[in-house]
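Geometric and topological summary
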Amino acid sequence: MYKNYIFILLAASILWACEEPYELDVDQTPPQYIIDGLITDELTDHYIKISTSTDFYSEGKTPGVSGALVSVSDDQDHEYLFTESETEPGVYHSRFQGEIGRTYSMQVNLTSGETFTASDQMYQVQSVDSLTWEIDEKEQQDPEEEGFFYILRIFAQEPQETVDYYLFKFYRNDTLQNFDSETGLFYADDELIGGYIYGLEGPDYFRKGDVATFTMYRLSRQAYLFYNDLDNVLNGDGGMFGPSPTNPRTNIIGKDGPGFGLFQVSSVTRESIEVGE
Amino acid sequence: MKTIGVAILLAFITLSNPVIAQEKITLSGYIKDTNNGEELIGVTVYVDELKNGVVTNVYGFYSLTLAPGEYHISFSYVGFETTRKQISLTKSQELNIQLEDAVTQMEEVVISSERAEEDRNVQRVEMSRNDIDVGLVKKTPALFGEPDILKTVQMMPGVISAGEGTSSYFVRGGGADQNLILIDEAPIYDPSHFFGLFSVFNADVIKDSELYKGGIPSQFGGRLSSILDVRTNDGNNQKFAGSATIGTLASKVLLEGPLQKDKASFLLSARRSYADVFLQFSPDEDARNNQVYFYDINAKVNWKPNNNNRFFLSTYLGRDAFNFENEFGFNWGNATTTFRWNHLFNERLFSNTTLIASNFDYQLESQATASEFDWKANLQEFSFKEDITYFVSPKNTLSFGGHASFRRFSPGTINPASETSIFITNEFDKSYAFDYALYAGNEQQLTSRLSLLYGVRLSIFQNVGEATIYEYAKNEQGLPDNINIHKLDSTVYDRFEPVRTFANLEPRFSARYLLTDESSIKASYHRMVQYVHLLSNSTLPVPFNTWTPSSPYLTPQKADQVALGYFKNFQDNAYEFSVEGYYKALRDVTEFADNANLLLNDNAPVEYRQGEGTAYGVEVYVQKMKGALTGFGSYTWSKTQLDIPGVNNDVTFFASYDRRHVTNWVANYAFSNQWSFGANFTYSTGRPFTLPVGRYTYDGYNVDLFSGRNSYRLPNYHRLDFSANFEPRKNETRRMKQFWSFSIYNVYNRKNAFTVFTQTALNDDGEVIDPNRKEARLVYLFPILPSVSWKLTF
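Residues numbered from 1 in each chain as written. Chains lettered and ligands numbered in written order. Predicted model: local features only at pLDDT ≥ 70, side-chain atom pairs only at ≥ 80, totals over all residues.

**Observations regarding the sheet that holds strand 13 (residues 186-187) of chain B**
All names here are of chain B. Rules: Strands qualify as paired when DSSP identifies two bridges or more between them. Only DSSP runs of H or I covering at least 4 residues are called helices, and only runs of E covering at least 2 are called strands; the numbering of each starts at the N terminus.
Spatial ordering of the open sheet is given by 9-16-17-12-13, a layout of five strands whose pairing is mixed. Edge positions in the open sheet fall to strand 9 (129-131) and strand 13, since each of these has one partner strand only. The sheet contact formed by strand 12 (residues 179-183) and strand 13 spans two bridges and is antiparallel. For Ile-183, the partnering residue across the bridge sits in strand 13 and is Ala-186.

Next up, the structure:
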C-alpha cells in the first residue's frame, strides 16, 4: 500500500515535466509462451490461458496457443484435466473447488514439444467485515463525471500472527475498477499493517445505484513478488527514479529456465454493496 | 603489519631529507584579499632564486623553509595582481600578504615579461583535479538564473550529469553515491533542493571548491569515485557588507562583517524559494493548500586572537518541504556544524583540528483516510579530525593526521498518524558504525623536473551493536534467497559490541615530470575504499534512499585507478590544456537483485548483490584563464560495465551511469565594463535504457517483455544556454551596487529525453483507442526558459 505513495512522490517531483510519443527502434525477437492461470477455493470454471508474446508495436490481441495438454494436480493425488474453450483458443477450463492448505501443480504440454510446470499453495484468506459507502463532499460540489461522488470504505481484520500477502480487485457493476488507469494494480503485504483495517478507501468514485464489489485474494509470497514486479513493469518510469525494468519473477518453469506469467492459487473473499442505499 | 607500512613511509620521508641538519629558517604567513580580508586558497608563493615555490593551504597559510639570504618572492593568484617582495632573511619571519583584486582589464591582457607563476595546471603534482571557478559559475547561464556549482561540476571532464535538472553526478564510472561532498569538511548526504533543480550550495558564500577524481591525496577517503571539497567564505573582516538577490525561483540575502577588525568576522546568508508564495494567489483552492519550498542558511564566525591560533564555527542548515492538499507531504534536509581550530605549533608545523556534526533526515506523511502515517528517517555523524602539515623544506611537505567518526543510521520509523490508520508502528533496525583513518603523505620534489606526491591511508571501519544479524538461506547460486526468505540463525550484539571490523590500506601516488616549463606528464594511482552504501536501484537517487554501513551483509567497495596525463599551457598560461586517460577496476560494487525491494524492507539484505566493474576513458580539457573571453571546454570518452552475480542473469551490462561521449563548453565574454555575455553548450550520449522487445497479455494487463538490461540508449542530450550580465555604469561611484543577470536556458528548445516509459496507446484526448496497442512516451523537463535575477550589494 505504502508503495503507491512513493509513486505519487515521484510524480510530484516531475511536476514540471512534459511528454510526447516516442518511437522505439525495436528488434524482432522470437515469441515467448505466456501462462496465466488461476485456481481458487470457489466452485467455478478455473482457467489456464496460454498465449504468446508479440512485437511491441503489434496490434490486436496476443495469439492464444491451442491444442495443449493442460492438467492440474494437488498434493493428495487428485488430478484435474483442463479442456480448451471452443470460443476462445488458448483458454483451458476445469470445474472444481480448490481446498485451503493444498499445493497445486500445473503441467502444460504444448504441441510444439515445449512443457511448462508450476506449483503454488492455497492459504486461508480473511473475510471482509463490512463495506460501506460515503459521499465525498468535495467531489460532490464539482464531480469530474456527473453523479460519481460516492466512495467505498472497507473494514476488515488482518491476522498479525502470520505473514500474509494479498491481491485486491474492485468492481463497479462487474467492471474492474483500476483507479482510472489501464495499469492499476492493488496488492499488499502485511508487514506494516495493523490488526484492523478501518475504513480503507477504494479506488474511483461510484454512482448511486452501482453495485460495488470488493474482492480479496490471498497470495503466496511467490505470487506476491510476481505482482510486485508486474507493477514495476506496468508503472515504472523507465529506470530514472525507479529500478531498471526486468521481467517479473514467476513460478512458471520451462525446459530452459523460468517462463512468463503466473500460476496463481488463491482463496478468495468477495463482498458487494449497493451504493447509495 | 599495516602500521609498519606507515612507519616505513615516515622513515623514507625523513631519510630523503638529509638537509634538515643544515641551518634553516622559515618564512611563513597568511595571504589575504585586501578587499574583505578573506584568506586565499592556492596562492602560489614562488622563490625566484630557488626556481621553486609552494601554494597556500586551504586556510590561506604558507610556509617556506630556506637558508638565510636574499630572496625575490612573488605571490600570485588568478584574478589578483601579483605582488613581488625582495626580502633579506636572517631569521625566521612572518610575512603576511594582502593581494589586490586585478582591475578588469578591457584594453589588453598585460603580458608579464617575467616567468608567470600561474601554471599550476602544468606544475602541480596532482592530476585529475578540477578547480570549480565560482566567479565563472556566477557569470555563465544557470537554470532559473540560480548559479549552482554542482551544475558546473557536472561539466568537468570525466564527470557525467545524472540527468537534466539534477544535482547528482557520476565520476569516472562511479555511481552517484560514490562522490563525497564536503561543505567546510562536513559531509552532505543529499546535495539536492527540489530533487536537484538546485543544490545546497549557495554560490554567494563559496570561496573555493575542488573536485578530486584521481590520485586522490591521502587525507581524503571514504568514497570510491571523487571528493568535492567546498569551502565557504569566512566573512569580511574589514567592513560590513552584504547583498540581496531576487531571482526567478529563489531569493537570498547575505550579510558579513567584522566583529573585531582584522581579528573576528561573521557571515550569514539565507536563501529561500518562493514558488509557494505565488501559489497563494492561485484561483484553485487546492493549489493554495499546496506547499512547496526550500531554504538554506549558512552561518559562520571566525576569530583569530593571534597569528598562531584561529577558530571557526560554521553551520549549514537546509530543508525542502512539499505538501499536497494537506493529504500528502514530505520533507528532507541537511544540518551540519563544523568547528575548526587552526594552530601553528611553529612556523613549519600547521595543525587543523576539526569537530563535525552532520545530520540528514527525511520525513513522509500521509493524511489519507485510514492510511494516515508518518515516516521519519535520519543519518547522524559525529567526527573528529586532526590534520597536520609539516613544511619540511621547499622540497618536502609532509601531511599526516587521523580521523574518527561515529555514525548512526536510522532507516526509519513508521507511525500511524490516526487511531484508525491501517498502519502500525514499525521501527526499522538502526545500524551503528565507527570509522577511523590514519594517513600520511608527502609532496616531494626529487629533481627540478620530477616531483612526487605519495602517501597511504589506513582505514578501519567497525559496524557495531546494537544489532541483530541474521543468517539468510541462500539460493542455488549461493546468493541470499530473496524469493523464499528464511532466517537460519541470528546473532545479537550489545551496544558498541563490534559486529564486523574491516581494515584496508589505501596507497596513493602521483608523479609529475616537467617536459618543458610549459608542459608536463603526470601519472597517478590510487586505491579508494567505500564503507557506506546507498540503497538505491534507480539511475537517480532520491532523498528517500537510505544509507547503510558495511556489515556482515555488505563488504566494503574498492576501486583501484591508474591515470596518465599530458598537461600543457599556451600563450603565457592564458590557455591550459590537458589530456588524461584512466582505467579503474572496481571490486565488491554494491548493486541489487533484479526487482529488488529496498524501501521499508526489514529483509533488505537479501536483495544485496556485489560484483565487479571496469571503467576506462579519455578526457580532454581546455581552459582559457585570461582576457576578455574566459571559459573551458571538455570532452570525455568513457565506458563502464558491471558484472554482478545474480543481476541481469549474470550477464555483463552497462551501468546506468555509462555514457560514451560527453562534451561541455562554457564561455564568458566581457564585452565592456557594463556588459558580459555567457554561454553553455552540453552534449552527451543518451542514458542506457532497458528496451521492451515485445508485449504480452496477463490478466487483462498489457505487459512489456524485456531482454537484457541497459542494452539500448535514450536519444542524445544536447542543449545551449545564453546569459547576459549587466552592471550599471553608476556602480562605479556608488556604495550600493546593482547587478542584473539574464539567462535563457535551452535556447533552441530541444526536447531532451529525461526518461522514456511505455503505456497503452492513447489518442490526443488521452483516451484508449485499442487496449492491445502500446506506445512509448518520452518525458522531457525544460523547454526554453528565460530567467532574470537582480542583485544589490553594499
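Structure's up, so let's keep going.
**Comments concerning the pairing of strand 38 (residues 608-624) of chain B**
Residue and element names in this part refer to chain B. As paired strands, strand 37 (residues 575-592) and strand 38 are joined by 16 bridges and run antiparallel to one another. Looking at strand 38, one finds that Tyr-582 is bridged to Gly-617. Where strand 38 and strand 39 (residues 629-643) come together, 13 bridges link them in antiparallel fashion. Opposite Thr-614, over in strand 39, you have Gln-641 as the bridge partner. What sits between strand 38 and strand 39 in their antiparallel hairpin is a turn of four residues, with Gly-627 showing a positive phi close to 95°.

**Thoughts on the sheet that holds strand 9 (residues 128-135) of chain A**
Residues and elements named next belong to chain A. The following threshold applies: Each axis is a line fitted through C-alpha atoms, taken for helices only over the stretch in contact, and angles between the N-to-C directions span 0 to 180 degrees.
Here three strands make up an open sheet; going across it, the order is 9-10-14 and the pairing antiparallel. Two strands lie at the open edges of the sheet, namely strand 9 and strand 14 (196-201), each paired on one side alone. Within the sheet, the average angular offset between the axes of one strand and its neighbour, ignoring direction, is 15°. The pairing of strand 10 (residues 150-157) with strand 14 spans five bridges and is classified as antiparallel. From the neighbouring strand, Ala-156 faces strand 14, where its bridge partner is Ile-197.

**Digging into the confidence of the model for chain B**
Residue and element names in this part refer to chain B. Our working rule: By definition, pLDDT measures how confident the predictor is in each residue, and it falls between 0 and 100. Contact between two residues is assigned when their C-beta atoms, built from the backbone, lie within 7 Å.
Across chain B, the average pLDDT comes to 88, with 94% of residues at 70 or higher. Overall, residues 1-21 carries pLDDT values under 50, and its contacts beyond four positions in sequence, including any with other chains, amount to 20 contacts. Confidence drops under a pLDDT of 50 for residues 104-117, and excluding neighbours within four residues, the segment shows 18 contacts in the predicted structure. Across the whole predicted complex the pTM is 0.89, and at the interface the ipTM reaches 0.93.

**What to know about the interface of chain B and chain A**
Quick reminder of the rule: Gly is placed with the polar residues, together with every amino acid not listed as nonpolar (Ala, Val, Leu, Ile, Met, Phe, Trp, Tyr, Cys and Pro) or charged (Asp, Glu, Lys and Arg).
In this assembly, 71 residues from chain B lie in contact with 67 residues from chain A. For the side of chain B that touches chain A, the secondary structure elements donating two or more residues are strand 22 (309-324), strand 23 (328-346), strand 24 (349-366), strand 26 (396-416), strand 44 (692-698), strand 45 (701-706), strand 49 (753-760) and strand 50 (774-780) of chain B. A breakdown of the residues in the side of chain B that touches chain A according to their chemical character gives 38 nonpolar, 21 polar and twelve charged. Looking at chain direction, strand 1 (residues 18-22) of chain A and strand 50 of chain B are connected through five bridges and run antiparallel. Among the inter-strand pairings, Tyr-22 of chain A is bridged to a residue of strand 50 of chain B, identified as Ala-776 of chain B.

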